[in-house]
Amino acid sequence: MLQIEIDSGSGFCFGVTTAIQKAEEELAKGNTLYCLGDIVHNGMECDRLRQMGLITINHDEMRKLHDVKVLLRAHGEPPATYELARRNNIEIIDATCPVVLQLQRKIKKQYEAGNGQIVIFGKKGHAEVLGLVGQTQSAAIVIESFEEVRKLDFTRDIYLYSQTTKSLDEFHRIIEYIQQHISPSAVFKSFDTICRNVANRMPNISNFATKHDLILFVCGRKSSNGKVLFNECLRVNPNTHLIEGPDEIDSSWLKGIKTVGICGATSTPKWLMEQCRDALLKGEALYSQA
């Protein structure tokens, strides 16, 4: 009989859970609610909330709105978004993750202090990173990987921050490289702003992936955090497959398999992992009857 385990450490992080709760509470009142960008990088969860009445918009569409309610998701937004809301009499329901909010404040304070390069280790164009760069009037330098650290000016002061969901190991590699190359006359300070809710999932999910013959990593393909965690699963267990939902499960993967582990990103709802488990159980039942 096939043994299936859902990783207890996978699923929504605190910030995403809070944003979804705020959306559900507002929609339950029968109010029209807009959300600036996908509330979470998971298409099926976005569809569920859309059916409840949530209307997802982009920044261009928000500029045309007046006298409405707009939810800001956990990723956070730059100051310009709040200024637009003020001008258009838009009521903001702010679901910015507290960890992201604290990081925004740190970067803004450093920018206002002047001098040096503010460097953000993060994904260019990511919603959280856009919000962080916005605290510096777009003056911050974004590096996506260790390889890009060489483009910094090591004769000038460097203040290094990180997107909250980036790899802790790669962040430490960047710190070490800067420490080795910074000019003796320049100041270098790094601020560990990686969310431990996410960082701690790396060793936990790695351990989980080693316990099973097959790993189904359930995740929206837009999720940055999901890509990092999926690659870690794949590293320790080559028999790992990324799926967005139960419809993507290939029955051929189950040949000779005794145990299946189901896990996901901080943007993966528990109910979706449970659907994948149920699909496996249903498939096994049908196979045994054949």
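Reading the values: rules and limits
- Numbering of residues starts from 1 in each chain and follows the order in which that chain's sequence is written.
- For a predicted model such as this one, the threshold for reporting local features is a pLDDT of at least 70, and the threshold for listing and counting side-chain atom pairs is 80 or more; totals across whole chains, interfaces and linings nevertheless cover every residue.
- Note: side-chain values were computed over all heavy atoms of the structure, leaving out hydrogens and water.
- Between N-to-C directions, angles cover 0 to 180 degrees, with each direction set by a line fitted to C-alpha atoms, over the stretch in contact for helices.
- Where helices and strands are cited, they refer to DSSP runs of H or I of at least four residues and of E of at least two residues respectively, numbered from the N terminus.
- Should an angle lie under 35 degrees it is considered roughly parallel, over 145 roughly antiparallel, and from 65 to 115 roughly perpendicular; all remaining angles are considered oblique.
- Take the far helix as your reference; a near helix turned counterclockwise from it by less than a right angle gives a left-handed crossing, and one turned clockwise gives a right-handed crossing.
- Any two residues whose heavy atoms approach within 4.5 Å at even a single point are treated as in contact.
- Each residue gets one of three labels, nonpolar for Ala, Val, Leu, Ile, Met, Phe, Trp, Tyr, Cys and Pro, charged for Asp, Glu, Lys and Arg, and polar for the others, Gly among them.
- The pairing test for Phe, Tyr and Trp rings, Trp by its six-membered ring, is centres within 6.5 Å, and the orientation test on the planes gives stacked under 30 degrees, edge-to-face over 60, and tilted for anything in between.
- Between buried and exposed lies partly exposed: a residue is buried under 20% and exposed over 50% of the maximum accessible area for its type, with that area taken using a 1.4 Å probe on protein chains only.
- Here the arc refers to the set of directions running from the helix axis out to each C-beta atom.
- When DSSP finds at least two bridges between two strands, those strands are taken to pair.
- The handedness rule is simple: strands pointing away from the viewer, and a clockwise path from the first strand over the helix to the second, make the crossover right-handed.
- Polar contacts, as used here, are pairs of N or O atoms within 3.5 Å; protein pairs need one atom able to donate a hydrogen and one able to accept it. Residues neighboring in sequence count only if both atoms are side-chain atoms.

(A) How the structure looks around the packing of helix α1 (residues 14-28) against helix α2 (residues 43-52). The contact between α1 and α2 brings their axes to 10 Å, and the two run at 20°. In this view, α1 runs roughly parallel relative to α2, as classed from their interaxial angle. Here the hand of the crossing between α1 and α2 comes out left-handed. Across from Ile-20, Glu-24 and Leu-27 in α1, the residues of α2 making contact are Glu-45, Arg-48, Leu-49 and Met-52. Of the residues in the contact of α1 with α2, the class split is four nonpolar, no polar and three charged.

(B) Looking closely at the packing of aromatic side chains. In the structure shown here, the tally under the stated rule is five aromatic pairs. Summarising the aromatic geometry, the rings of Phe-146 and Tyr-177 are spaced 5.7 Å apart at their centres and angled 90° between planes, so their arrangement reads as edge-to-face. Remark: Tyr-177 occurs in helix α7 (residues 168-181) and Phe-146 occurs in the loop between β7 (141-143) and β8 (158-162); sequence separation between them is 31 residues. The same class applies to Phe-146 and to Tyr-177, which are both buried.

(C) Highlighting helix α9 (residues 201-209). Residues Arg-201, Ile-205, Ser-206, Phe-208 and Ala-209 constitute the buried set of α9. Looking straight down α9, one finds its buried side chains confined to an arc of 160°; they lie on one side. The exposed residues of α9 that point more than 90 degrees off its buried face are Pro-203 and Asn-204. Where α9 is buried, its residues contact β1 (3-6), α8 (196-199), β10 (214-218), α10 (224-236) and β12 (259-264).

(D) The arrangement of the environment of Leu-54 in detail. On the secondary structure map, Leu-54 appears in the loop between α2 and β3 (55-57). Residue classification places Leu-54 among the buried residues on the basis of a relative accessible area of 5%. In this structure, the C-alpha to C-alpha distance between Leu-54 and Leu-71, residues 17 residues apart in sequence, is 9.6 Å. Look past the residues within four positions of Leu-54 in its chain and what remains in contact with it is Leu-27, Leu-33, Tyr-34, Cys-35, Ile-39 and Leu-49.

(E) Representation of the sheet that holds strand β4 (residues 69-72) in the model. Spatially, the four strands line up as an open sheet ordered β3-β2-β4-β5, and their pairing is parallel. The sheet is open, and its two borders are formed by β3 and β5 (91-94), each paired with just one other strand. Going from strand to strand, the sheet's axes swing by 35° on average, the running direction of each strand aside. Looking at chain direction, strand β2 (residues 34-36) and β3 are connected through three bridges and run parallel. Each bridged residue has a counterpart across the sheet, and for Leu-36 the counterpart in β3 is Ile-57. Along the sheet, α1 contacts β4 and β5; its crossing angle with β4, the most-contacted strand, is approximately 165°.

(F) The arrangement of the pairing of β4 in detail. Sheet topology places β2 next to β4; three bridges connect them, and they run parallel. Pairing of Leu-36 across the sheet is with Leu-72, part of β4. Sheet topology places β4 next to β5; four bridges connect them, and they run parallel. Within β5, the residue paired with Val-70 across the bridge is Ile-92. For the segment spanning β4, helix α4 (residues 79-87) and β5, crossover handedness is right-handed.

(G) Examining the packing of α9 against α10 more closely. Two elements in contact, α9 and α10, have axes whose closest approach is 9 Å; the angle formed by their N-to-C orientations is 40°. Seen from above, α9 lies across α10 with right-handed handedness. Residue-level inspection shows Arg-201, Met-202, Ile-205, Ser-206 and Ala-209 of α9 in contact with α10, the latter providing Val-228, Leu-229, Glu-232, Cys-233, Arg-235 and Val-236. When its residues are assigned to classes, the contact of α9 with α10 shows seven nonpolar, one polar and three charged.

(H) Summary view of the sheet that holds β12. In space, the four strands of this open sheet follow the order β1-β12-β10-β11, with parallel pairing throughout. Taken across any chain shown, the strands that pair with only one partner, and hence form the sheet edges, are β1 and β11 (240-243). Averaged over neighbouring strand pairs, the angle between their axes works out to 20° when direction is ignored. The pairing of β10 with β12 spans five bridges and is classified as parallel. Its bridge partner lying in β12, Leu-216 is registered against Ile-262. α9 contacts β1, β10 and β12 of the sheet and is inclined by roughly 160° relative to β12.

(I) Examining the side chain of Asn-88 more closely. Here Asn-88 lies in the loop between α4 and β5. Separated by 3.1 Å, the side chain of Asn-88 and the backbone oxygen of Arg-63 make a polar contact. If we skip the residues at most four places from it in the chain, Asn-88 touches Met-62, Arg-63, Leu-65, His-66 and Asp-67.

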